[in-house]
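Analysis of the macromolecular model
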Amino acid sequence: MRVLVVENYEEMSREAASLFQIRIEEKPGLVLGLATGSTPIGTYKELINRYQVGKIRFQQASVFNLDEYCGLDKNHEQSYARFMEENFFRSIDVDRKNTFIPNGNAKDRQAECERYDTLIRERGGIDLQLLGIGENGHIGFNEPNDLLSAGTHQVELEQGTIEANSRFFVTREEVPKSALTMGMGTILKAKEIVLLASGAKKADAIQGLLSGKISTKNPASFLQLHPRVTVIIDREIADAIKLKQDVA
Ligand code: F6R
């Protein structure tokens, strides 16, 4: 596992964008796995800037997103489909026929999850997967648990997550109670993974990820089994981890 310590969020975003740029230059038809949330927004902005000055093209690339809420229309302003549209897709030349996200509104959710994994397989698998990380070590919506799921699956959101999300919705009833997410196996099958984290509140999760131990209580720790992972963290996280090690 390669760990890159950068000064701040902006540098993290530039480093991640550079990795994407290199991989797309090597293989224009790259199959990307992408994430939502605050962490990758800077990377998407940086990629958009590079696209606008002609340094990168996405015309031949495909994108599979990690997760989507259940029960929200894809045009709902809090859906992850809309997030991707607004923060990335509408500003680049990716072909919308090649962008995929689990359909959280599918009648048969189990069939939808199987369809999604099949689609990824048929496209030759994910070449480069971008990940953020939850404060509890979750990746995608794979929350700490006794058992983790391998394939794309439906998860019931934890009460804490529902409450945290309620700030984005007008009424509490609107907040989704479940989501579809790529599973641990779907993520670990990616040929290369880059995980980004910034801010001291992610320090515990990153410490678990770098601990040399693997636990279902920190799903990100399973990334230690993968042969090609780059973790980009900011100085705040690196200092917080060091402080804890010094005290221990
Ligand atoms: C997003 C996702 C989540 C986030 C994680 C961190 O598609 O799957 O695992 O990456 O919750 O979120 P932020 O970046 O908002 O701190």
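Below or above, wherever it landed, is the structure these notes cover. Note that the structure is a prediction, hence the values are computed from the model and not measured.

This part takes up the nonpolar core. Ranked by size, the top nonpolar core spans 33 residues in total, and within it Phe64, Leu195, Ile206 and Leu223 carry the most contacts. Every element with two or more residues in this core is listed here: α4 (109-122), α6 (184-188), β9 (192-197), α7 (203-209), β10 (229-234) and α8 (235-247). If we skip the residues at most four places from it in the chain, Phe64 touches Val31, Leu32, Gly33, Leu34, Phe100, Tyr116, Leu119, Ile120, Arg123, Ile126 and Met182. In terms of nonpolar packing, the next biggest core, distinct from the first, is built from 27 residues, Ile48, Phe83, Leu196 and Ile232 among them.

Attention now moves to the sheet that holds strand β3 (residues 62-65). An order of β1-β10-β9-β6-β2-β3-β5 is seen for the 7 strands of this open sheet, with the pairing classed as parallel. Each end of this open sheet is capped by a strand with a single partner; those strands are β1 (2-6) and β5 (99-100). Relative to β3, α4 is tilted by about 150°, and along the sheet it contacts β3 and β5. Its contacts with the sheet put α8 on β1, β9 and β10, and the angle it makes with β10 is roughly 90°.

The full count for this structure, using the stated rule, is 9 aromatic pairs. When the centroid spacing of 4.6 Å and the interplanar angle of 20° are considered together, the rings of Tyr44 and Phe88 count as stacked. Here Phe88 lies in the loop between α3 (80-87) and β5 and Tyr44 lies in helix α2 (residues 41-52), a separation of 44 residues in the sequence. Owing to a relative accessible area of 0%, Tyr44 belongs among the buried residues under this scheme. Residue classification places Phe88 among the buried positions, given a relative accessible area of 1%. The interplanar angle of 35° and the centroid separation of 6.1 Å between the aromatic rings of Phe88 and Phe89 together place this pair among those described as tilted. A relative accessible area of 6% places Phe89 in the buried class. An aromatic cluster is defined as three or more aromatic residues linked by ring pairs; in this entry it consists of Tyr44, Phe58, Phe88 and Phe89.

How each quantity is defined
- Residues numbered from 1 in each chain as written.
- Predicted model: local features only at pLDDT ≥ 70, side-chain atom pairs only at ≥ 80, totals over all residues.
- Heavy atoms only, no water.
- Core = buried A, V, L, I, M, F, W, Y, C linked by side-chain atoms within 4.5 Å.
- Buried < 20%, exposed > 50% of the residue type's maximum accessible area, 1.4 Å probe, protein only.
- Helix = DSSP H or I, 4+ residues; strand = E, 2+ residues; numbered from the N terminus.
- Contact = heavy atoms within 4.5 Å.
- Pairing = 2+ DSSP bridges.
- Axes fitted to C-alpha atoms, helices over the stretch in contact; angles between N-to-C directions.
- Phe/Tyr/Trp six-rings, centres within 6.5 Å; stacked < 30°, edge-to-face > 60°.

Purely spatial values, then, with no claim about function.
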